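Architecture at a glance
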Amino acid sequence: MLDLVSLDGAAEGEISRLAVVACAEQAIPKLTGDVVDRVKNALLADAVRDAAASGRYWREVYVVTRAGERYVEGYIDLLSEDTSGDLIVIDYKTDRVRSDVEQQAKERYYAPQMAGYSEAVAGATGRKVSGQVLVFARPKPTLAA
């Protein structure tokens, strides 16, 4: 759904309408509220806001690169250009992350994927990839004191 909503201030109504349709298509209408929350959370991430502000971003970018004897392929959720002209690879994740320690573990787990994406983009464009950002769309739970 994040490939459809406006990155620069999607209206709550837009997000809700798209979530209803997406959840109906997947036969999971009970999860509509959760999907809305995840989309809104992802849109608040600094990297996403920076991409929207730059106006230079691309969504669902297909990449393929050779890794030894095999090829690795995937879709970069969001590729943006910073003010210096460097590229930033942004990938949305829906994993449960309950603490900073869990988030760091997930970042290590996804590091090879992000490195592959960055290598593929740099190889295809001849440009520097200066950042890799994982955006965890699932809000962290608020812990009671």
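Everything discussed here concerns the structure shown above.
My aim in this report is to walk through the structure given alongside it, one point at a time. All figures in this text were calculated on a predicted structure; none of them were measured in a lab.

Our next topic: the nonpolar core. Counting 20 residues, the largest nonpolar core has Leu43, Val48, Ile90 and Tyr92 as its most contacted members. Every element with two or more residues in this core is listed here: helix H1 (12-25), helix H2 (32-43), helix H3 (46-54) and strand S3 (87-93). If near-sequence neighbours (up to four positions away) are discounted, Ile90 is found in contact with Ala47, Val48, Ala51, Ile76, Asp77, Leu78, Ser80, Val133 and Val135. Counting 14 residues, the second-largest nonpolar core is a separate cluster that includes Val61, Tyr110, Met114 and Tyr117.

Of the pockets and cavities examined, the largest pocket occupies roughly 290 Å³. Along its surface, the largest pocket is lined by 16 residues, and Met1, Leu2, Val35, Val39 and Thr94 are the ones closest to its centre. Listed by contribution, the elements that provide at least two residues to the lining of the largest pocket are H1, H2 and S3. Ranked by residues supplied to the lining of the largest pocket, first place goes to H2 with 3 residues. For the lining of the largest pocket, the per-class residue count stands at 9 nonpolar, 2 polar and 5 charged.

Our focus in this paragraph is the pairing of strand S1 (residues 57-67). In terms of strand pairing, S1 meets strand S2 (residues 70-81) through 10 bridges, oriented antiparallel. Within S2, the residue paired with Arg59 across the bridge is Leu78. Where S1 folds back onto S2 in an antiparallel hairpin, the turn is made up of 2 residues, including Gly68, whose phi is positive at roughly 70°.

Take helix H4 (residues 100-125) next. Of all the bends found along H4, the most pronounced is centred on Tyr110 and spans about 45°, while Pro112, a proline, follows it within four residues. Among the residues making up H4, those that are buried are Gln103, Tyr110, Met114, Gly116, Tyr117, Ser118, Ala120 and Val121. Positive phi appears at Gly126, one or two residues downstream of H4, with a value of about 70°.

Tracing the chain through its elements places Ser130 in strand S4 (residues 129-136). Residue classification places Ser130 among the partly exposed positions, given a relative accessible area of 36%. Sequence spacing of Ser130 and Ile88 is 42 residues, and the spatial spacing of their C-alpha atoms is 6.0 Å. Residues within four places of Ser130 in sequence aside, it is in contact with Asp82, Asp86, Leu87 and Ile88. A distance of 3.4 Å separates the side chain of Ser130 from the side chain of Asp82, its partner in a polar contact.

About the cut-offs
- Residues numbered from 1 in each chain as written.
- Predicted model: local features only at pLDDT ≥ 70, side-chain atom pairs only at ≥ 80, totals over all residues.
- Heavy atoms only, no water.
- Core = buried A, V, L, I, M, F, W, Y, C linked by side-chain atoms within 4.5 Å.
- Buried < 20%, exposed > 50% of the residue type's maximum accessible area, 1.4 Å probe, protein only.
- Helix = DSSP H or I, 4+ residues; strand = E, 2+ residues; numbered from the N terminus.
- Contact = heavy atoms within 4.5 Å.
- 1 Å grid on protein atoms, 1.4 Å probe; cavity = no way out; pocket = protein on both sides within 12 Å on 5 of 7 lines; lining within 4 Å.
- Points joined across faces, edges and corners; volume = space filled by probe spheres on them.
- Nonpolar A, V, L, I, M, F, W, Y, C, P; charged D, E, K, R; others polar.
- Pairing = 2+ DSSP bridges.
- Bend = angle between axes of the 7 residues up to and from the residue.
- Polar contact = N/O pair within 3.5 Å; in protein donor to acceptor, adjacent residues only side chain to side chain.

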